[in-house]
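# Breakdown of the fold
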Amino acid sequence: MRTGERGGTREGTRDWAAPVGLRAAEAAARLRADGPNTVAPPARRHLAVRVLHQLTDPLVALLIAAAVVTTVLGDYPDTAVIVLVVLVNTAIGVVQEVRADRAIAALDQLGAPTARVVRDGRDLLVPAAEVVRGDLVRVEAGDVVPADLLLTEASRLHLDESALTGEAVPVGRTAGEEALAGTVVTTGRGAGAVVRTGSASALGRISALVAGTRPAATPLQRRLVGLGRLLGLVAVVLSALVFVLGVIGGRPVVDMAITAVSLVVAAVPESLPAVVTLALALGARRMAGAHAIPRRLHAVETLGSVTVIASDKTGTLTEGRMAVQQAVTADGARYAVTGTGYAPYGHVHRGGSAVPVPEELRRLARAGLLCSDAALSAPDDERPDWGAVGDPLEAALVAFAGRCGLDPEATRAAWPRVAEHPFDQATRRMVTVHRACDRRYLVVCKGAPESVLAAPLVDASDDEVAELTATAHRLAGEGLRVLAVATALVDTAPDPAAPAGLRPVGLVAVGDPLRTGAPEIADSFDAAGVRLLLVTGDHPATAAAIGGQLGLWRDGDPLVRGDHDDPAAAPPQARVFARTQPEQKLDIIAGLQSRGHVVAMTGDGVNDAPALRRADIGVAMGGGTEVARQAADLVLVDDDLSTVAAAIGEGRRIYDNIRRFLRYALSGGVAEIAVMLLGPLFGLAVPLLPAQILWVNLLTHGVPGVALGAEPAEPGTLRRAPRSPQESVLGGGLGRDVLVTGALIAAVVLGAGVVAADRDLPWQSVVFVVLGLAQLGVALAVRAPRPTGARRANPGLLVAVAGSALLQVGGVLLGPLRELLGTDPLGPGVLLGCATVSALPGLALRLARRRHPGGAQTLPTPRRPVDAPGVADRHDEPVG
């Protein structure tokens with residue numbers, strides 16, 4: 001919102017900003033009328049409302065129903081486990097909701113705690129919350145702007161607006177322009193009238209976006225909701241069918257009712273939430289060890305379903321620090337300069353090879369150093385990296401001097417400054433005068449090339465000027481900010497306001513460099529079938545240059561400009577978005593989600609917070625703003641985007657393990673229902689008693705099922721396409737595999753029962769033992785494949801299966817268990833036969849896997865990102 005839309009016209013604002021400021025009484029009245037200059041806190045939800053919201057989830061409701069059933073049946077161990085799972089999941093969900101309150105509260109910390117205002121003609125230091133419209137506020141270097149100001153005076157005023165706009169370069173502001181709340185004064189000083197406070201300020205509007213943006217359900221949550229409904233319906237229908245057939249066959253109604261209810265419990269894998277929770281918790285711990293902290297558990301799995309990553313530029317793909325990346329000396333030689341952050345050491349390259357620093361380049365670096373006011377702060381216990389003191393662009397010149405072998409402090413001491421003309425927005429240049437050791441004077445001018453490379457300031461031929469100007473245009477086209485530098489050694493100190501006769505010494509091109517390894521990170525996303533987008537508030541030329549370096553953009557590709565285009569209507573092949581506002585980032589994400597994508601958003605600034613909340617998963621840089629961290633689902637402690645690629649692999653591992661458990665548990669339920677339905681047709685009147693069904697269910701769905709959630713990742717996890725967001729959790733052939741596996745188990749169990757009945761053996765006990773052992777064998781058969789020669793991981797599954805197998809056999813060997821379960825003792829020979837037959841389904845599955853490995857589609861490594869296969873807006877561009 002521009003000045004005049006709120007709080008009066010520009011002319012009225014000038015009246016407010018009289019030199020004496022507001023009267024104290026008037027300020028107090030406005031504070032009562034408008035409220036404090038703070039972000040409006042979110043409406044608090046009562047704890048009971050939060051808990052009720054969690055309990056109405058369909059899967060949780062199904063668990064509660066299962067707990068009621070097991071309680072009625074007296075199966076108290078199962079009841080305790082189910083209730084514990086419900087409590088844990090409810091607690092996790094409530095904690096997730098509370099994070100929204102913290103995201104808003106973090107904005108209070110970003111705002112200036114105090115502000116210098118003029119009231120009744122006196123300068124006062126007041127809490128920032130007491131600043132009101134019309135206050136005259138003074139700011140200087142290091143201050144955080146407390147509210148939106150209309151500047152009435154500005155002297156060399158530059159603001160760091162990166163947290164709001166994503167612009168890495170400080171922006172100069174003059175009288176008549178606005179300074180927005182939450183920005184930081186890097187150099188100069190200024191004063192202005194407050195035009196907007198609190199939620200009406202720029203910071204407040206972003207806060208409203210964060211508060212109004214609620215995270216959508218994750219793909220896993222949506223899939224599990226659908227699965228819960230399906231399983232509940234199928235279990236009830238089939239159990240009712242068993243009940244009807246039993247009654248028709250002459251069985252007592254009460255007995256068949258208990259059997260039917262037992263089958264409902266057996267068909268529903270009540271340990272699924274426990275498996276999911278364990279898998280997510282283990283994944284969260286692994287990711288934390290890799291310097292990625294999940295703020296909510298389901299975010300861990302969501303990463304595995306991501307099809308698009310919309311990444312901010314500043315501080316995410318780039319270092320978030322200004323650096324001299326290219327330098328051109330007066331003779332036309334071009335050099336690339338490398339280094340990390342503001343560290344005053346690095347390397348100089350020419351033609352792709354490191355070279356010694358030539359004297360011409362050293363002279364250019366010395367001139368840039370002398371004609372700057374910034375300094376560097378060395379690392380300490382609180383800040384592990386070199387930092388900038390003053391204007392970041394000038395700090396880049398200081399670091400550049402260090403990388404050219406100069407000692408900044410010693411050089412400045414050897415060339416003391418005796419006069420200067422500060423940077424002038426009108427002339428777009430700065431001039432300093434320094435005393436040389438031979439009593440002559442060195443005049444240095446730096447600024448915009450079109451301002452510096454002009455007569456009479458420089459004394460150079462037309463060809464020299466034309467060549468440097470053309471080079472400056474090429475560098476600017478690469479998204480770099482170009483400064484020209486000229487010097488002259490004279491006998492008498494000149495007037496710095498009117499320099500003349502200087503000689504150009506070269507150009508320096510300053511930018512926010514890519515993070516080390518960023519192109520390789522982009523390639524890793526390509527290999528995983530994940531599409532990387534660059535979404536930034538920066539200049540289109542800068543966005544195009546960064547996109548080109550990452551392999552996301554080339555000449556002829558669309559580049560969407562938020563100040564001209566509608567980002568939400570961008571063509572599907574667009575990968576670079578420039579000049580985007582926080583509201584437009586939300587539109588971009590919503591548009592992608594409407595086309596079926598699962599979107600991850602990365603960022604570190606206040607302007608990224610709403611989009612981080614709106615995305616399926618928000619990823620914040622640990623070194624970014626607190627607001628971004630609180631709004632995100634995943635925080636990268638080491639600010640390394642490559643961690644996201646590893647986290648995607650972890651998310652896919654988790655989802656694979658959940659599907660692995662479903663294949664194991666649901667096939668067991670299918671087998672149990674099939675045995676109960678078909679048994680009477682083969683002369684087995686009541687194949688299993690209710691207690692026996694529940695015992696098998698407890699042993700197979702319990703610890704072994706949970707242990708499956710800890711299986712390692714399959715080979716090639718990050719070399720396959722992500723699964724379609726629209727695919728059911730039973731999709732990709734899993735539903736078929738469940739039915740086939742269940743049929744195998746049922747066939748073996750019924751066969752064993754028929755043979756035992758023909759030999760006058762206790763066939764019901766044989767059915768009971770074979771059913772339990774066959775399901776445990778399947779648990780071993782569906783384990784994750786391991787690379788050739790690798791050691792088998794997850795020994796906990798072997799222990800769980802062995803323990804459950806012993807308890808299953810104990811059901812026919814131990815007297816108390818036989819009495820509880822209604823089984824008969826079996827001899828060693830019969831038990832050996834049962835174990836042999838039980839191994840058949842598992843062996844069949846292992847042989848089938850070796851002959852037909854299957855798996856998701858594996859992608860070759862594309863140089864340019866491709867869209868995720870299977871999503872709603874799949875492009876014509878072939879995979880790979």
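Residues numbered from 1 in each chain as written. Predicted model: local features only at pLDDT ≥ 70, side-chain atom pairs only at ≥ 80, totals over all residues. Heavy atoms only, no water.

## Points about the overall build of the protein chain
Helix and strand content of the protein chain: 30 helices and 26 strands. Counting across all 880 residues of the protein chain, residues that qualify as buried make up 53%. When contacts within the protein chain are restricted to residue pairs at least 6 apart in sequence, long-range pairs at least 24 apart make up 72% of them. (Helix = DSSP H or I, 4+ residues; strand = E, 2+ residues; numbered from the N terminus. Buried < 20%, exposed > 50% of the residue type's maximum accessible area, 1.4 Å probe, protein only. Contact = heavy atoms within 4.5 Å.)

## A look at helix α27 (residues 763-781)
Between its first and last C-alpha atoms α27 spans 26 Å; for 19 residues at 1.5 Å apiece the expected length is 27 Å, and the two agree. Of all the 19 residues making up α27, 16 are buried; the element is thus mostly covered by neighbouring parts of the structure. (Expected span 1.5 Å × (residues − 1).)

## Observations regarding the environment of L453
Along the chain, L453 falls in the loop between α16 (449-452) and α17 (462-477). In the structure, L453 is positioned 16 residues away from T469 in sequence and 7.6 Å away in space, judged by C-alpha atoms. Those residues within four positions of L453 in sequence are excluded, and the remaining contacts are V458, V465, L468, T469, A484, P504 and L507.

## Quick look at a negative patch on the surface
A contiguous patch of negative charge on the surface is contributed by D331, E360, D462, D463 and E467. With three residues, the single largest contributor to the negative patch is α17. Among the structural elements, E360 can be located in helix α13 (residues 359-370). (Patch = residues over 30% accessible without salt bridge, like charges linked within 9 Å, V, L, I, M, F, W, Y side chains within 5 Å. Areas by Shrake-Rupley, 256 points an atom, 1.4 Å probe, with all protein chains shown as cover. Salt bridge = Lys/Arg side-chain N within 4 Å of Asp/Glu carboxyl O. Lys, Arg positive; Asp, Glu negative; His and termini not counted. Charge placed at Lys NZ, Arg CZ, Asp CG, Glu CD.)

## Describing the pairing of strand β2 (residues 122-127)
Here strand β1 (residues 114-119) pairs with β2 via six bridges, running antiparallel. Looking across to β2, one finds that R116 is bridged to L125. (Pairing = 2+ DSSP bridges.)

## Observations regarding the sheet that holds strand β13 (residues 353-354)
The strand order across the open sheet built from nine strands is β13-β12-β11-β10-β20-β19-β18-β17-β16, with neighbouring strands paired in antiparallel fashion. Each having just a single partner strand, β13 and β16 (417-424) make up the two edges of the open sheet. Note that strand β19 (residues 481-490) and strand β20 (residues 503-511) share seven bridges and pair antiparallel. When the bridges of β20 are listed, A484 appears paired with L507. The sheet contacts of helix α14 (residues 392-403) involve β10 (323-329), β11 (334-339), β12 (346-350), β17 (429-435), β18 (441-447), β19 and β20, and relative to β10 the element is tilted by about 65 degrees. (Axes fitted to C-alpha atoms, helices over the stretch in contact; angles between N-to-C directions.)

## Quick word on the sheet that holds strand β24 (residues 599-603)
With respect to topology, eight strands assemble into an open sheet ordered β8-β26-β25-β24-β9-β21-β23-β22, the strand pairing being mixed. At either end of the open sheet lies a strand with only one pairing partner, and these are β8 (292-294) and β22 (559-561). Taken over all neighbouring pairs, the strand axes of this sheet differ in orientation by 20 degrees on average, direction set aside. Note that β22 and strand β23 (residues 576-578) share three bridges and pair parallel. Bridging from a neighbouring strand, R561 pairs with A578 of β23.

## Some thoughts on unusual backbone geometry
The amide bond that connects A455 to the next residue, P456, takes the cis arrangement and shows omega of 5 degrees. Note on placement: P456 falls in the loop between α16 and α17. One non-glycine residue, R579, lies in positive phi territory at about 55 degrees. Within the secondary structure, R579 is located in the loop between β23 and α20 (582-594). Unlike most non-glycine residues, D760 shows phi in positive territory, near 60 degrees. Note on placement: D760 falls in the loop between α26 (734-758) and α27.

## Quick word on the confidence of the model for the protein chain
Confidence in the prediction of the protein chain, expressed as mean pLDDT, is 80, and 81% of residues score 70 or more. Note that residues 856-880 has pLDDT below 50 and, in this model, 80 contacts with residues that lie over four places away or in other chains. (pLDDT = per-residue confidence, 0-100.)

## Observations concerning the side chain of S804
Looking at the element boundaries, S804 is found in helix α28 (residues 795-813). Judged by relative accessible area, which is 6%, S804 ranks as buried. Within the local environment of S804, its side chain forms a polar contact with the backbone oxygen of L699, the two atoms lying 3.2 Å apart. In this structure, S804 is in contact with L699, P704 and L776, ignoring residues within four places of it in sequence. (Polar contact = N/O pair within 3.5 Å; in protein donor to acceptor, adjacent residues only side chain to side chain.)

## Some details on the pattern of salt bridges
Evaluation of the coordinates by the stated rule reveals 25 salt bridges. Here D148 ties to R196 by a salt bridge, and the two come within 3.0 Å at their closest N and O atoms. Placement of D148 in strand β4 (residues 148-160) and of R196 in strand β7 (residues 184-196) is noted, with a sequence separation of 48 residues between them. Among the salt bridges present, the one from R189 reaches E153, with a minimum N-O distance of 3.7 Å. Taken together, the residues R189 in strand β7 and E153 in strand β4 connect sequence positions 36 residues apart. On the basis of relative accessible area, E153 is assigned to the partly exposed category, the value being 35%.

## Describing a nonpolar patch on the surface
Together, L241, V244, L245 and I248 give the surface a local cluster of nonpolar side chains, amounting to about 360 Å² of exposed area. Considering the arrangement of structural elements, one finds I248 in helix α8 (residues 219-248).

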